[in-house]
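# Secondary and tertiary structure notes
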Amino acid sequence: MSEQKRLHPISTIINFIKHLKDAVIPLVILLFLNRGEQDSFWAYLPLISLGVVLLVVLGAGILKWLRFTYRLEQEELRIEYGLFVKKKRYIPFERIQSLNYSEGIFHRPFNLVKIKVETAGSSSSMESEAELTAITKEEANELNRIIAQAKKRLKEKGTGSNLEIDTDDFDGAEGLGVIEEEAPQEKILYRMSIKDLLVMATTSGGAGVVISGVLIFLLQFGDLIPIEAVIDELVEVVQAGLVLAVILVFIGLVIAWIIAVAMTLLRYADFTVKLVEKDLIITRGLLEKRQTTIPLNRIQGIRFNQNIVREPLKYITVTIESAGGSALEKDSNTISLLPMIRTADVNGILEEILPEYEWSMEFKGAPKRSIFRYMFWNLLFISLVIAPVSYFFYPFGLLTLLLYPMIAIFSWLQYKTAGYRISGDQLTMRYRGIVRHTVFMKKKRIQSLELKETWFQKKGRLATLSATIKSYIAGSTSTVPHLEVEDVEKVLEWYRPEGQKITEKKKQLSTISTIVE
Amino acid sequence: MNRREPRKRISERALTVWKLYGWINAAILSVIAIALIVLSIVFDWPVWVIIASVIVPIVDVILFVYVFPTLKWKKWRYEVRDEEIELQHGIFIVKRTLVPMVRVQHVDTEQGPILRKHRLATISISTAATIHQIPALDVDEADDLRDSISALARVAEDDV
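Only a predicted model underlies this, so the values are computations on that prediction, with no experimental measurement involved.

## What to know about the overall build of chain B
Scanning chain B from N- to C-terminus turns up four helices and seven strands. Its helices and strands in sequence order give chain B the pattern β-α-α-β-β-β-β-α-β-β-α, from N to C terminus. Here chain B, with 160 residues, has 44% of them falling under the buried criterion. Within chain B, residue pairs in contact and separated by at least 24 positions form 53% of the contacts whose partners lie at least 6 positions apart. Surface exposure of chain B reaches about 8300 Å², of which carbon and sulfur atoms provide 65%.

## Comments concerning the overall build of chain A
Along its length, chain A carries 18 helices and 21 strands. Put simply, chain A has 517 residues, and 46% of those count as buried. Of all intrachain contacts in chain A linking residues separated by at least 6 positions in sequence, the fraction that spans at least 24 positions is 59%. Of the roughly 27700 Å² of accessible surface on chain A, 65% is carried by carbon and sulfur atoms.

## Focus: the sheet that holds strand E2 (residues 77-80) of chain B
If you trace the seven strands from one edge of the open sheet to the other, you get E21(A)-E20(A)-E19(A)-E4(B)-E3(B)-E2(B)-E1(B), paired in antiparallel fashion. Because the sheet does not close on itself, it has two edges, and the strands there are strand E21 (474-484) of chain A together with strand E1 (8-9) of chain B. Along the sheet, helix H4 (residues 139-152) of chain B makes contact with E1, E2 and strand E3 (84-89) of chain B, crossing E2 of chain B at roughly 45 degrees.

## Let's talk about the nonpolar core
Counting 33 residues, the largest nonpolar core has Tyr 190, Val 273, Leu 280, Ile 302, Phe 304, Val 318 and Leu 337 of chain A as the members making the most contacts within it. Secondary structure elements with two or more residues in this core: strand E8 (186-191), helix H6 (194-203), strand E9 (272-276), strand E10 (279-284), strand E12 (299-306), strand E13 (315-322), strand E14 (336-342) and helix H12 (343-353) of chain A. In terms of nonpolar packing, the next biggest core, distinct from the first, is built from 28 residues, Leu 87, Leu 120, Ala 121 and Ile 134 of chain B among them.

## Some details on the packing of helix H13 (residues 371-392) of chain A against helix H14 (residues 403-417) of chain A
Residue and element names in this part refer to chain A. Their axes nearest at 9 Å, the elements H13 and H14 cross at an angle of 150 degrees. In terms of axis orientation, H13 runs roughly antiparallel to H14. Note on packing geometry: the crossing formed by H13 with H14 is right-handed. Here Ile 371, Tyr 374, Met 375, Asn 378, Leu 379, Ile 382, Ser 383 and Ile 386 of H13 come into contact with H14, specifically with Leu 403, Tyr 404, Ile 407, Ala 408, Phe 410, Ser 411, Trp 412, Gln 414 and Tyr 415. Here the residues of the contact of H13 with H14 sort into 13 nonpolar, four polar and no charged.

## Points about the sheet that holds strand E7 (residues 131-138) of chain B
Residue and element names in this part refer to chain B. Read from one edge to the other, the open sheet built from three strands follows the order E5-E6-E7, with strand pairing classed as antiparallel. A single partner strand is all that each edge strand has here, and the edge strands are strand E5 (104-110) and E7. Neighbour-to-neighbour, the strand axes of the sheet open up by a mean angle of 20 degrees, direction not taken into account.

## Focus on the UniProt feature "transmembrane region" (unreviewed entry) in chain A
All names here are of chain A. With numbering matched to this structure, UniProt assigns "transmembrane region" (unreviewed entry) to residues 41-63, 197-221, 241-266, 371-387 and 393-413. Between the end C-alpha atoms of residues 371-387 the distance is 23 Å, and the span holds 100% helix and 0% strand. Here residues 393-413 is 52% helix and 0% strand, with 30 Å between the C-alpha atoms at its ends.

## A look at the packing of aromatic side chains
For the structure shown, the criterion picks out 17 aromatic pairs over all chains. Geometrically, the ring pair formed by Phe 43 of chain B and Trp 45 of chain B is stacked, given 6.2 Å between the ring centres and 25 degrees between the ring planes. Above the face of the Tyr 90 of chain A ring, Arg 78 of chain A is positioned so that its terminal group lies 4.3 Å from the ring centre. Looking at Lys 72 of chain B, its charged tip hangs above the ring of Trp 18 of chain B, at a distance of 4.1 Å from the centre.

## Quick word on the confidence of the model for chain A
Regions with low pLDDT carry predicted coordinates that are not meant to be interpreted in detail. All names here are of chain A. Of all residues in chain A, 77% have pLDDT values of 70 or greater, and the mean over the chain is 78. Per-element confidence in chain A ranges from a low mean pLDDT of 43 for helix H18 (residues 512-515) to a high of 94 for strand E17 (residues 426-432). Counted against residues more than four places away or in other chains, residues 122-127, with its pLDDT under 50, gives six contacts.

## Section: unusual backbone geometry
Of note, the phi angle at Lys 314 of chain A is positive, near 60 degrees, even though the residue is not glycine. Considering the arrangement of structural elements, one finds Lys 314 of chain A in the loop between helix H10 (310-313) and E13.

## Notes on the side chain of Ser 390 of chain A
Relative to the helices and strands, Ser 390 of chain A is located in helix H13. Each residue touching Ser 390 of chain A, except ones within four places of it in the same chain, is listed here: Gly 397, Leu 398 and Thr 400 of chain A.

## Regarding the pairing of E14 of chain A
Residues and elements named next belong to chain A. Along E14, six of the seven residues are buried, which leaves the element largely enclosed by surrounding structure. Here E13 pairs with E14 via four bridges, running antiparallel. When the bridges of E14 are listed, Ile 316 appears paired with Ile 341.

## Side note on the packing of helix H1 (residues 13-42) of chain B against helix H2 (residues 47-75) of chain B
Residues and elements named next belong to chain B. With their axes 9 Å apart at the nearest point, H1 and H2 run at an angle of 175 degrees to one another. With respect to their mutual orientation, H1 and H2 come out roughly antiparallel. Looking at the contact of H1 with H2 residue by residue, the class counts come to 21 nonpolar, six polar and three charged.

## Some remarks on the UniProt feature "transmembrane region" (unreviewed entry) in chain B
All names here are of chain B. Sequence positions flagged by UniProt for "transmembrane region" (unreviewed entry) are, in local numbering, residues 20-41 and 47-68. Helix makes up 100% of residues 20-41 and strand makes up 0%, while its end C-alpha atoms are separated by 31 Å. Counting secondary structure, residues 47-68 comes out at 100% helix and 0% strand; the distance between its end C-alpha atoms is 30 Å.

## Some details on H14 of chain A
The terminal C-alpha atoms of H14 of chain A, which comprises 15 residues, lie 21 Å apart, in line with the 21 Å expected from a rise of 1.5 Å per residue. On its buried face, H14 of chain A is in contact with H13, strand E16 (419-423), E17 and strand E18 (436-442) of chain A.

## Examining the environment of Ser 11 of chain B
All names here are of chain B. Topologically, Ser 11 is positioned in the loop between E1 and H1. Accessibility expressed as a relative area gives 12% for Ser 11, which makes it buried. For the pair Ser 11 and Glu 141, spaced 130 residues apart in sequence, the C-alpha separation works out to 9.2 Å.

## So, the pattern of salt bridges
A side chain of one charge can pair with a side chain of the opposite charge when the charged atoms of the two come close. Summed over all chains, the structure comprises 34 salt bridges over all chains. Residue Glu 311 of chain A pairs with Arg 432 of chain A through a salt bridge whose shortest N-O separation is 3.0 Å. On the criterion of sequence distance, the pair formed by Glu 311 of chain A in helix H10 and Arg 432 of chain A in strand E17 is long-range, its members being 121 residues apart. For Glu 311 of chain A, a relative accessible area of 21% gives the class partly exposed. Here Glu 86 of chain B makes a salt bridge to Arg 81 of chain B, at a shortest N to O gap of 2.8 Å. Since its relative accessible area comes to 0%, Glu 86 of chain B is described here as buried. Residue classification places Arg 81 of chain B among the buried residues on the basis of a relative accessible area of 4%. One connected set of salt bridges, linked through shared partners, spans Glu 489, Glu 493 and Arg 496 of chain A together with Arg 7, Glu 79, Arg 81, Glu 84, Glu 86 and Arg 96 of chain B.

Conventions used here
Once a new chain begins, its residue numbering starts again from 1 and follows that chain's sequence as written. Written order determines the labels here, with chains lettered from A and ligands numbered from 1. Only residues with pLDDT of 70 or above have their local features reported here, since the model is predicted, and side-chain atom pairs are shown and tallied only from 80 upward, although totals for entire chains, interfaces and linings are computed over all residues. Where side-chain values are given, they derive from all heavy atoms of the structure, hydrogens and water being excluded. Numbering of helices and strands runs from the N terminus, with a helix taken as a DSSP run of H or I at least four residues long and a strand as a DSSP run of E at least two residues long. For the exposure calls, accessible area comes from a 1.4 Å probe over protein chains only, and a residue counts as buried if that area is under 20% of its type's maximum, exposed if over 50%, partly exposed in between. Contacts were defined at the residue level, with two residues in contact if any of their heavy atoms lie within 4.5 Å. All accessible areas in this document rest on Shrake-Rupley with a 1.4 Å probe, and a residue is counted as covered only by the protein chains that are shown. Two strands qualify as a pair provided DSSP detects at least 2 bridges between them. Fitting a line to C-alpha atoms yields each axis, with helices limited to the stretch in contact; the angle taken between N-to-C directions then spans 0 to 180 degrees. Nonpolar cores are built from buried Ala, Val, Leu, Ile, Met, Phe, Trp, Tyr and Cys residues. Side-chain atoms within 4.5 Å join them into one set. Roughly parallel here means an angle under 35 degrees, roughly antiparallel means over 145, roughly perpendicular means 65 to 115, and every remaining angle is called oblique. Here a crossing is called left-handed whenever its near helix is offset anticlockwise from the far helix by less than a right angle, and right-handed whenever the offset is clockwise. Note on residue categories: nonpolar means Ala, Val, Leu, Ile, Met, Phe, Trp, Tyr, Cys or Pro, charged means Asp, Glu, Lys or Arg, and polar means any other residue, Gly included. UniProt positions are given in the numbering used here, feature names are shortened, and annotations may be inferred rather than shown by experiment. The rule is short: rings of Phe, Tyr and Trp, with Trp giving its six-membered ring, pair when the centres are within 6.5 Å, and they are stacked under 30 degrees, edge-to-face over 60, tilted in between. Here, over-ring charges are defined by two tests on the NZ atom of lysine or the CZ atom of arginine: distance to the ring centre within 6 Å, and angle to the ring normal within 35 degrees. Confidence scores per residue from the predictor, reported as pLDDT, run from 0 to 100. Working rule for helices: expected span equals 1.5 Å times residues minus one. Salt bridges are counted wherever a side-chain nitrogen of Lys or Arg sits within 4 Å of a carboxyl oxygen of Asp or Glu.

Printed below as a string of structure tokens:
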């Protein structure tokens, strides 16, 4: 497959629509301008310019398609493109981490896929990745096979000279190579059921959408009530308003729920997790099918999220913090490994994917005396809201006082959640923002560790622990506040590189000046 | 408590620079304050505007020129060992950060015009996910540090 190839012509239409999306606001404005007197030339100007814009965008799409070629040559994926300036991007096979597939509504009738080439990204990953907008599935599979084989060959050739010292189980690219004779072993680990999907939609951020929707509605409604009328006929208006509000809120809830279900269905229908050799392959989507490949050795940590609604239902979300991924495809970065799963089923699946991790949920918590600190800041913060509201909206504003017990309970939950666990080379941290997080990290994946002590914490011999791992192109920091300071120091000592621990006494004087050779 | 705090301090000249920053800030603030005073005299604004315009810059000078830079300098410690870098800083919130050498991806030194005039430089240590800075080191020390960290840092690619 070394000859130059073009993408499928449908990519012109995909490009066209993509650019159209970017230009949609000016176009809409143009359309609305088209309301002048009917006869004059000026009345048609917006329409004419609209046509011109459409033509230009379409033309650009076609040109782009004409100019875009790709080929496989000398163990490299070579892409050439560019409207006026010819650009060439050569990606060596060994730099390719994975090929991610997605199928939009335009792809599916023609049996096409969009391919996203993910490279072992540095921070400038924008530069090193590539996208093939539409190629046939056969071509895609061929591409995948050739790259995998080539990588395998390279790997075998390079084993002697390889610099990899780490004898980790999930080492290097060998897992990516597809063995020529036998088909790669596929193992389906998880398939999302409709029930889980519904639970997910119902308890998702959709709930947040509903609440904000209701709030917006109430605010609007508030504007409809003239202040004098409120004073004069307060009781009546409030009663009538309440009935109306309740009905409308109910309708709003139902609509929001339906929307949430539809959205979830679009994104997560057919959600399947497969383990193929040493790659995780996640497929999902109803209209637009997506396939994301995550090489196991790129996994930096595992995160459990559980929002307050899902906690009593015993459902959690498991996400992967991975070093791969791209700046371009934000959507797949937030994608979960197990978007909605019963707590009881999690361990079985994760043990198959990452057997070297420990999934215990026993934690060393924060000491009792830290409760006060969890409460204090939250209550102080909420007071900033409650005080002015109570004052300016007296007497109804006083209702906000109810927030105090709520926040107190919430703070107590935060205190109960906080904890850490060290087991071998693994650090597990649990904490609660609004959502409860549990993060599982291997020592060698932690980029830096921090002990933080405020003046008040010092008095109470408490400290805050933060650990940062790489997550896509940035970092993800987990923070457990108000732990026993000795505990945090213990974690710090655990994290200290081995050599530093043993030889510390000998090297007491070895500061940086002596290290320089 | 077997605290092993980092021992090295940053250059004492940092103090001069930070005080200078404080003065620059105060100068800008004073300009605003003077403008406010003039305006409140012209437009007959309440007296407290004038009082605040006098007090705020004074407090600012006391805090940001005299108190904070000294405290900040006193609290700043770092140490670069064979396999790790340890930083500790912060006036009200003390942060102690541990960065293993194998996680370091690259080191930069940088200096603005003021730092250059005082022969100082700031060193930035980048891991795959975080950036840690040691401010206002002596230029020679910063260069040595940069070279030795980059010599010591051997990132195990797989671990990124």
